[in-house]
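An overview of the molecular structure
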Amino acid sequence: MEKITAANVESFQNELTSLIEKIHTESNPKQKMKYLKRIDKIQRSISAYRSKSKLSRETKRDLIAYSFIAPNFIGFCVFTLIPIVFAFALAFLSWDGSNPIEWAGLKNFKSLFKDKFFIAALKNTIIYCVGTVPLTMIVSLGLAILLNHKVLGRGLFRTLAFFPYVASLVAITSVWKMLFHPSKGPINNLLFNVFNVQQENLPQWFTGSLVLLSMIMFSVWKYMGYYMVIYLAGLQGVNGELYEAAALDGAGTWAKFKYVTWPQLSSTTFFVIVMLTINCFKVYDIAIMLAAGGNGELTLNSTVLVYYIYQKAFIEWKLGYSSAVAMVLFVLVLGVTLIQFWGQKKYQEG
Amino acid sequence: MKSKSANTIALKTLVYIILLIMAALMIIPFLWMLSASIKTDAEVFRMNPFVWIPKNPRWSNYSEIWTKIPFGRFVGNTVFLTIIVTCLQLLTSSFAAYAFAKLEFKHKNILFMGYLSTIAMPWQVYMVPQFIMMRKMGLNDKLLAIICLQAFSAFGVFMMKQFYEGIPSSLCEAARIDGMSEYKIYTNIMIPLSKPALSTLTIFTFVNTWNDYLGPLIYLKSQEKKTIQLGLKMFIGQYSSDYGLIMAGSVLSLIPVIIVFLILQKYFVEGVASTGIKG
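Residues numbered from 1 in each chain as written. Chains lettered and ligands numbered in written order. Predicted model: local features only at pLDDT ≥ 70, side-chain atom pairs only at ≥ 80, totals over all residues.

**A few points about the overall build of chain A**
Scanning chain A from terminus to terminus reveals 14 helices and two strands. Projected onto the principal axes, the alpha-carbon positions of chain A cover approximately 125 × 75 × 40 Å. For chain A, with 350 residues in total, the buried portion stands at 35%. At a minimum sequence separation of 6, the contacts of chain A that also span at least 24 residues come to 68%. (Helix = DSSP H or I, 4+ residues; strand = E, 2+ residues; numbered from the N terminus. Buried ≥ 20, exposed ≤ 12 C-beta atoms within 10 Å, placed from the backbone. Contact = placed C-beta atoms within 7 Å.)

Laid out in structure tokens, this is it:
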């Protein structure tokens, strides 16, 4: 078979047409046979060339696409995917990071539920979530609805609401700790001087049983601006005609909210709830910065899951045990994601 | 009729009152921070009378913080990390997102599933094995570790892809027929159109990297590698009653994020709306 390339494909095609013409005029059967064989050969070469070039065109297309993906995907694979696989394996192992790895099976998980620090961490994390998620959602939805009206200084307010979100935790928690300082802070000062709360009854915001409440209040304050912007984006998608129709039916403000705004925002609300819940499960910095004592440690009152993961891994070097705690965190987050997934599907179908 | 307009005015007033109270709640901690940063430690908690701007503002708080701890070093490290991470994140994720949104290729769905499956996976779940791996690679106590950790997120790819899918494919088709290469289409057509998404991603990445605490806490051990958050936390631990200084350091640590946010915020609402992070 002759080699056909992009350069000589045309000359072969010309030969083919002239051969076909010749075959029509040729009377000698032997010569005719010879021409036919030659035609067949050229046709096969050409079709082979065509399919090959098609193949290489596809390969080229794939290679271009991969060149777009590669820079991110390689980094993502090495620094995210592989550690994730490793994390699942680690939960069933026993390892201190330097000595040989031992198989532990379900031992890590079994001892978790006898560990009172783990139980406290799990309980506190869940209480923190249950407190923060609905409050943040209600406040940010309320603000978004107010701000969706034509009010003066709308842009300014939106910018201000975002300040707590972008501010670093270290900086802003130290302000909170000053404002809520148990003996000198202005908040307790106000309670003492204006509301006549007895000196010994003044709340200790960052120790004891009030710690979680302080964390919840702080989180609502910090994150409401962000979720408000998300709700504002959602409100822009609500059809204005629906409100007009509702007004014609004599709907008041509350009825408009109940029958138009709320159902129209359902997908935004689902999203907000999931993002909030996942972020709450991940809480660490807020607890450390608001509640940790001078030694940087959290007590049973304030410990959270991620703190426990960190403590077990980087202080005690019980890597397997720490990964088992991480798996509990993962299952919680996965659960919320799945519930959201099904809930949204069901809502859209119903 | 009259009572109705009176009602609207009452409602309007109520809306303004609520918004004013909320605005005050949001801004007071920042004003307190600014005010305390130019006070002496004794003045910070003096309530009767409470003054926002003291008679003799202690501007020296702002100069002292640079000498009490290596604040300049911390700022330098953080600026370096944040700029590199933000550039890498924007570049690599918009690049990958273009392929996922506008190109057809083999294994596209499987590759994208790889990203999608990790989007709800908190970093805290795999931070321990990641640390072990990075330590093996010799990245412990290196700024490079934080770059590797922050620069290649699934979130960025996902967000940019959502945005690109909103740009009509006919634009790319037309350019392809004109003989433009995919790289040209990306730089000349997609990038100029994706300002809102890129600005939104910049804000997220910049804020996250600048304010990250746990990542640097795990990786950066030596003093000269520390970021501004670690440094500030260390300072608070050592000088817990130097309130004026703590506040001055805090104000300084906020300035860059606030500036970036103010510059890019006009695209932000649009970005949130069009990238589908609103769900």
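Now, onward.
**Brief notes about the domain arrangement of chain A**
Domain boundaries assigned for chain A yield domain 1 (9-90) and domain 2 (109-349). One C-alpha centre belongs to domain 1 of chain A, the other to domain 2 of chain A, and the line joining them spans 58 Å. (Domains from an automatic or database assignment.)

**Looking at the packing of helix α2 (residues 29-90) of chain A against helix α5 (residues 108-118) of chain B**
At a minimum axis distance of 11 Å, the contact between α2(A) and α5(B) shows a crossing angle of 50°. In terms of orientation, α2(A) and α5(B) fall into the oblique class. Note on packing geometry: the crossing formed by α2(A) with α5(B) is left-handed. The residues of α5(B) that touch α2(A), namely those facing Ile69(A), Phe73(A), Thr80(A), Leu81(A) and Ile84(A), are Leu111(B), Gly114(B) and Thr118(B). (Axes fitted to C-alpha atoms, helices over the stretch in contact; angles between N-to-C directions. Parallel < 35°, antiparallel > 145°, perpendicular 65-115°, else oblique. Left-handed = near helix turned anticlockwise from the far one by under 90°.)

**Regarding helix α11 (residues 266-281) of chain A**
The terminal C-alpha atoms of α11(A), which comprises 16 residues, lie 23 Å apart, in line with the 22 Å expected from a rise of 1.5 Å per residue. Looking only at α11(A), the buried set comprises Thr268(A), Phe271(A), Val272(A), Ile273(A), Val274(A), Met275(A), Leu276(A), Thr277(A), Ile278(A), Cys280(A) and Phe281(A). (Expected span 1.5 Å × (residues − 1).)

**Looking at the nonpolar core**
Residue and element names in this part refer to chain A. Core analysis: the largest hydrophobic core is formed by 164 residues, its most contacted members being Ala287, Leu305, Tyr307, Val325 and Leu329. It is helix α8 (residues 211-236) that contributes the most residues to this core, 16 residues altogether. Once you skip the residues sitting within four places of it in the chain, Tyr307 turns out to touch Ala121, Tyr284, Ala287, Ile288 and Leu298. (Core = buried A, V, L, I, M, F, W, Y, C linked by C-beta atoms within 7 Å.)

**Topic: unusual backbone geometry**
The backbone phi angle of Trp317(A) is positive, close to 55°, even though this residue is not glycine. Backbone geometry at His107(B) places phi at a positive 65°, although glycine is not the residue there. Note on placement: His107(B) falls in the loop between α4 (71-102) and α5. Residue His107(B) is classed as partly exposed on the basis of its 13 C-beta neighbours within 10 Å.

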